[in-house]
Amino acid sequence: GAMAVVYGALGLVVILTALFALCAAALVNMAAILSFFYALNLGKVVRVEPLVACNPLLTILWSVLFFRGLEQLTVRDIVCALIIITGTVLVVTAK
């Protein structure tokens, strides 16, 4: 009886937390897509798309900030991030 209520309440908290995270992620993704199309209206695809390709860098940054104790940044991650940055800079600054 009482254990079922505790698990039930805990389950409800988990479900509500997951639902909130899902809605927040959907709003952020919608804002990103709208920003992308707005940037395409303002600039050339050749300049906008490489900046969008920097998504892995933002993922690394957010994972380091939010998952300090859970996620370890490896040398491979850093090397790949530097390659992405270099490629983006080369494409965006090319004449």
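Residues numbered from 1 in each chain as written. Predicted model: local features only at pLDDT ≥ 70, side-chain atom pairs only at ≥ 80, totals over all residues. Heavy atoms only, no water.

Examining the overall build of the protein chain
Piece 1. Across its full length, the protein chain holds four helices and zero strands.
Piece 2. Along the protein chain, helices (α) and strands (β) appear in the sequence α-α-α-α when read from the amino end.
Piece 3. In terms of overall dimensions, the protein chain is more spread out than a globule: its C-alpha atoms have a radius of gyration of 20 Å, far above the 12 Å expected for 95 residues.
Piece 4. By its C-alpha atoms, the protein chain is 70 × 35 × 10 Å across when sized along the principal axes.
Piece 5. For the protein chain, buried positions account for 7% of its 95 residues.
Piece 6. Per element, the accessible surface of the protein chain, about 8,000 Å² overall, is 78% carbon and sulfur. (Helix = DSSP H or I, 4+ residues; strand = E, 2+ residues; numbered from the N terminus. Rg over C-alpha atoms; globule rule 2.2 N^0.38 Å. Buried < 20%, exposed > 50% of the residue type's maximum accessible area, 1.4 Å probe, protein only. Areas by Shrake-Rupley, 256 points an atom, 1.4 Å probe, with all protein chains shown as cover.)

Some words on the confidence of the model for the protein chain
Piece 1. Residues of the protein chain with pLDDT of at least 70 account for 91%, and the chain-wide mean is 81.
Piece 2. By mean pLDDT, the top-scoring element of the protein chain is helix α4 (residues 75-93) (84), and the lowest-scoring one is helix α2 (residues 45-52) (79).
Piece 3. Note on residues 1-5: pLDDT is under 50 here. Beyond four places in sequence and across chains, it has zero contacts. (pLDDT = per-residue confidence, 0-100. Contact = heavy atoms within 4.5 Å.)

Regarding the side chain of S63
Piece 1. By the element assignment, S63 lies in helix α3 (residues 55-66).
Piece 2. Using a relative accessible area of 16% as the deciding quantity, one classes S63 as buried.

Focus on the layout of surface pockets
Piece 1. Put simply, the largest pocket is a space of about 420 Å³.
Piece 2. For the lining of the largest pocket, the residue count by class is eleven nonpolar, three polar and one charged. (1 Å grid on protein atoms, 1.4 Å probe; cavity = no way out; pocket = protein on both sides within 12 Å on 5 of 7 lines; lining within 4 Å. Points joined across faces, edges and corners; volume = space filled by probe spheres on them. Nonpolar A, V, L, I, M, F, W, Y, C, P; charged D, E, K, R; others polar.)

Details of the packing of α3 against α4
Piece 1. Contact pair α3 / α4: the axes reach a minimum separation of 9 Å and the direction vectors enclose 140°. Relative to α4, α3 is oriented oblique. Note that α3 runs across α4; the crossing there is left-handed. Within the contact between the two elements, α3 uses P56, L57 and I60 and α4 uses D77, A81, I84 and I85.
Piece 2. Its residues assigned to classes, the contact of α3 with α4 shows six nonpolar, no polar and one charged. (Axes fitted to C-alpha atoms, helices over the stretch in contact; angles between N-to-C directions. Parallel < 35°, antiparallel > 145°, perpendicular 65-115°, else oblique. Left-handed = near helix turned anticlockwise from the far one by under 90°.)

Some remarks on a nonpolar patch on the surface
Piece 1. Together, L58, L61, W62, L65, F66, F67 and L70 line one region of the surface with nonpolar side chains, adding up to about 780 Å² of accessible area.
Piece 2. With respect to the secondary-structure elements, L70 resides in the loop between α3 and α4.
Piece 3. Given a relative accessible area of 73%, L70 falls into the exposed group. (Patch = residues over 30% accessible without salt bridge, like charges linked within 9 Å, V, L, I, M, F, W, Y side chains within 5 Å. Salt bridge = Lys/Arg side-chain N within 4 Å of Asp/Glu carboxyl O.)

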